[in-house]
Amino acid sequence: MNLLTLVFLAGLAAGAALQLWLGWRNMAHVRAHRSHVPEVFRDDVPLAQHQKAADYTLANGRLAAAAVVANGLVLAGLSLGGGLVLLDRAWRDLALTPLATGLGVVISAGLIMAVLRSAFSAYRVFVVEQRFGFNRASPALFMVDTAKRGLIAMAIAVPLGGLVLWLMAAAGPLWWLWVWALWTGFLIVRTWAYPGFIAPLFNSFTPLRDSVLKARIEGLAARCGFAVGDIQVMDASRRSGHGNAYFAGLGASKRVVLYDTLLEALEAGEIEAVLAHELGHYRRRHAGKHLALVSLVRLAGLALLAWLVPQPWFYAGLGMDPPSNHAAIALFAILVSAFWIFLRPLGAMVLREFEFEADAFAAAHGNGRTLIPALIKLHRNNATSLTPEPLYSTFFHSHPPLAARMRHLSGADGTPAG
């Protein structure tokens, strides 16, 4: 057992313990505030809805705790438990090319983690979401969606993974820069392709037929200097009762997408306010900024991986023999999964700041007063807790607590919060 073994075990245990402790704190906090609606929401959120949100949060918290334990056990089993060694031997026994062998090992390890995620996803949909009245997907639809996602993932992972392994073997000491460029290019292409090629595989999109709402959205876009493309309604109600809206795509492929569940939940002015917020993300270039930050983190990660690849202690410390490029990728992914929780607050902080900026943009364009009741309705209809525990929120929430957003909007446009 070398030092890396001890560091990995300590990090894996500490990360799991931290997540379980934070989850326990959040559940205790939500449970303690379950009996009373916070004063600022008392006129807008009935006690029954507030308690439903609390119970929904508790149910998801218990599921998340089970997922943390299962994920930790699988990561330990794949590394120190010898899982990767068994996969490596099985693929080597097939006497394939080194590239095919390495690709098989990496994809097999990824499939094990994907199966674990799918199992918890199925429980969440058909137990938790079903219990609280959100699930509208049949088991058949869930299985079809899962199969589609798996096929898309394989269609991407096989050529992309093959290119990465080839670059590691053939591109010399700076292979990691080539891999980073490939990875970044793929993310840009995916952003462009998603609305036109990927999303329609799962949902139907139809033009917005409400002429009054369409005129309001086009007027908002004109005021903000945004050349709006298609305004599409997505049949989200086939799968869930949750509502949302978003901008997607790049260049000519960009479009406004409204969930049909959002149209059912909000009035025209409130939908306009939500879209003003989403347009704020677009105008403040949050997607590009996020992509740049993610790319820098991945560049640093690839540089670290390039340093680890030739180190014998790296493989020995995580129970892998013999060393190989594909083993390095799999082991590094396990390390990142074990330690990522400690970096998560930084990413969440950036995303919450983006949300405040988007809210400020909506307020600056006259939608702040209407955005507040729209957000309250969305929280109420989506059973989002109004009383998240602050430290838990710091780690896990990409959106600020609603009370904080209301105070921010109040300062942005002078409307009283609540």
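Residues numbered from 1 in each chain as written. Predicted model: local features only at pLDDT ≥ 70, side-chain atom pairs only at ≥ 80, totals over all residues. Heavy atoms only, no water.

Focus: the overall build of the chain
Looking only at helices and strands, one finds 16 helices and 4 strands in the chain. Against the 2.2 N^0.38 benchmark of 22 Å for 418 residues, the chain shows a C-alpha radius of gyration of 23 Å, consistent with a compact globule. Projected onto its principal axes, the C-alpha positions of the chain cover 65 × 50 × 40 Å. Across the 418 residues of the chain, 44% fall into the buried class. Of the contacts formed within the chain by residues at least 6 apart in sequence, a portion of 76% connects residues at least 24 apart. Accessible surface, the chain: about 20,400 Å² in total, of which carbon and sulfur atoms supply 66%. A gap of 3 Å separates the mean positions of the 35 positive and 25 negative side-chain charges of the chain. (Helix = DSSP H or I, 4+ residues; strand = E, 2+ residues; numbered from the N terminus. Rg over C-alpha atoms; globule rule 2.2 N^0.38 Å. Buried < 20%, exposed > 50% of the residue type's maximum accessible area, 1.4 Å probe, protein only. Contact = heavy atoms within 4.5 Å. Areas by Shrake-Rupley, 256 points an atom, 1.4 Å probe, with all protein chains shown as cover. Lys, Arg positive; Asp, Glu negative; His and termini not counted. Charge placed at Lys NZ, Arg CZ, Asp CG, Glu CD.)

Side note on the packing of aromatic side chains
Any aromatic ring pair is given by two values, namely how distant the centres are and how the planes are angled relative to each other. Counted according to the given criterion, the structure contains 10 aromatic pairs. Between the aromatic rings of Tyr392 and Phe396, the centroid separation amounts to 4.7 Å while the plane-to-plane angle is 35 degrees, which identifies the pairing as tilted. With Tyr392 and Phe396 both in helix H15 (residues 390-396) and 4 residues apart, the pair spans about one turn of that helix. Taken individually, Tyr392 and Phe396 each receive the classification buried, so the pair is uniform in this respect. Ring geometry for Phe395 versus Phe396: centroids 6.3 Å apart, planes at 40 degrees, classification tilted. (Phe/Tyr/Trp six-rings, centres within 6.5 Å; stacked < 30°, edge-to-face > 60°.)

Observations regarding the pattern of salt bridges
Two side chains that carry opposite charge are able to pair once their charged atoms sit near each other. Using the criterion set out here, one finds 11 salt bridges in the structure. The salt bridge involving Glu389 is made with Arg25; its shortest N-O contact spans 2.6 Å. Here Glu389, found in the loop between helix H14 (368-381) and H15, pairs with Arg25, found in helix H1 (residues 3-32); they are 364 residues apart in sequence, far enough to count as distant. Classification of Arg25 as partly exposed rests on a relative accessible area of 27%. Each of Arg216, Arg223 and Glu272 takes part in salt bridges that share partners, so that together they form one network. (Salt bridge = Lys/Arg side-chain N within 4 Å of Asp/Glu carboxyl O.)

Looking at the side chain of Glu129
Position of Glu129 among the secondary structure elements: in helix H4 (residues 98-131). For Glu129, which is buried and forms no salt bridge, the nearest opposite charge comes from Arg124, at a distance of 4.2 Å. Every residue in contact with Glu129, bar those within four places of it in the chain, is listed here: Tyr56, Arg124, Phe134, Asn135, Ser240 and His242.

Brief notes about the pairing of strand S2 (residues 230-234)
The buried fraction of S2 is high, at 4 of 5 residues. Judged from the 3 bridges that link them, strand S1 (residues 205-207) and S2 form a sheet pairing that is antiparallel. Looking at S2, one finds that Phe205 is bridged to Met234. Here 5 bridges tie S2 to strand S4 (residues 255-259), and the two strands are oriented parallel to one another. Each bridged residue has a counterpart across the sheet, and for Ile231 the counterpart in S4 is Val256. (Pairing = 2+ DSSP bridges.)

Section: the sheet that holds S2
Strands pair in a sheet through their backbones, by hydrogen bonds, and they do so in one of two ways: parallel or antiparallel. Reading across from one edge, S1-S2-S4-S3 is the order of the 4 strands in this open sheet, with mixed pairing throughout. The two strands at the open ends of the sheet, each matched to only one other strand, are S1 and strand S3 (245-248). Recorded for the sheet is a direction-independent mean angle of 30 degrees between the axes of neighbouring strands. Across the sheet, helix H9 (residues 268-283) lies against S3 and S4, angled at about 40 degrees from S3, the strand it touches most. (Axes fitted to C-alpha atoms, helices over the stretch in contact; angles between N-to-C directions.)

Let's talk about a nonpolar patch on the surface
A cluster of nonpolar residues, Val297, Val336, Trp340, Leu343, Leu346 and Met349, forms a patch on the protein surface that exposes about 560 Å² of accessible area. As for its position among the elements, Leu343 is in the loop between helix H12 (325-339) and helix H13 (344-364). (Patch = residues over 30% accessible without salt bridge, like charges linked within 9 Å, V, L, I, M, F, W, Y side chains within 5 Å.)

Description of a positive patch on the surface
A surface patch of positive charge is lined by Arg283, Arg284, Arg285 and Lys289. Structurally, the position occupied by Arg285 is in the loop between H9 and helix H10 (286-308). Judged by relative accessible area, Arg285 falls into the exposed class, the value being 62%.

What about the packing of H4 against helix H5 (residues 139-170)?
Axis separation between H4 and H5 bottoms out at 10 Å; the angle between their running directions is 155 degrees. One finds that H4 runs roughly antiparallel with respect to H5. In this structure, H4 meets H5 at a crossing whose hand is right-handed. Together, Leu99, Gly102, Leu103, Ile107, Ser118, Ser121, Ala122, Val125 and Phe126 of H4 and Pro139, Phe142, Thr146, Met154, Ala157, Val158, Gly161, Gly162, Leu165 and Trp166 of H5 make up the contact between the two elements. For the contact of H4 with H5, the residue count by class is 13 nonpolar, 6 polar and no charged. (Parallel < 35°, antiparallel > 145°, perpendicular 65-115°, else oblique. Left-handed = near helix turned anticlockwise from the far one by under 90°. Nonpolar A, V, L, I, M, F, W, Y, C, P; charged D, E, K, R; others polar.)

So, the nonpolar core
The biggest cluster of nonpolar side chains holds 44 residues, and the ones touching the most others in it are Phe41, Leu258, Leu262 and Leu275. Those elements giving two or more residues to this core turn out to be helix H7 (211-223), S2, S3, S4, H9, H13, H14 and helix H16 (402-413). Discounting residues that sit within four places of it in the chain, Phe41 has contacts with Ile376, Leu386, Leu402, Ala403 and Met406. (Core = buried A, V, L, I, M, F, W, Y, C linked by side-chain atoms within 4.5 Å.)

Considerations on the side chain of Gln232
As for its position among the elements, Gln232 is in strand S2. Within polar-contact distance, the side chain of Gln232 engages the backbone nitrogen of Thr206 at 3.4 Å. Not counting residues within four places of it along the chain, the set of residues in contact with Gln232 comprises Phe205, Thr206, Pro207, Arg255, Val256, Val257 and Leu258. (Polar contact = N/O pair within 3.5 Å; in protein donor to acceptor, adjacent residues only side chain to side chain.)

Considerations on unusual backbone geometry
In this model, Asp321 is joined to Pro322 through a cis peptide bond whose omega is 5 degrees. With respect to the helices and strands, Pro322 occurs in the loop between helix H11 (312-317) and H12. The residue Ala383 is not glycine, and still its phi comes out positive at about 55 degrees. In this fold, Ala383 is placed in the loop between H14 and H15.

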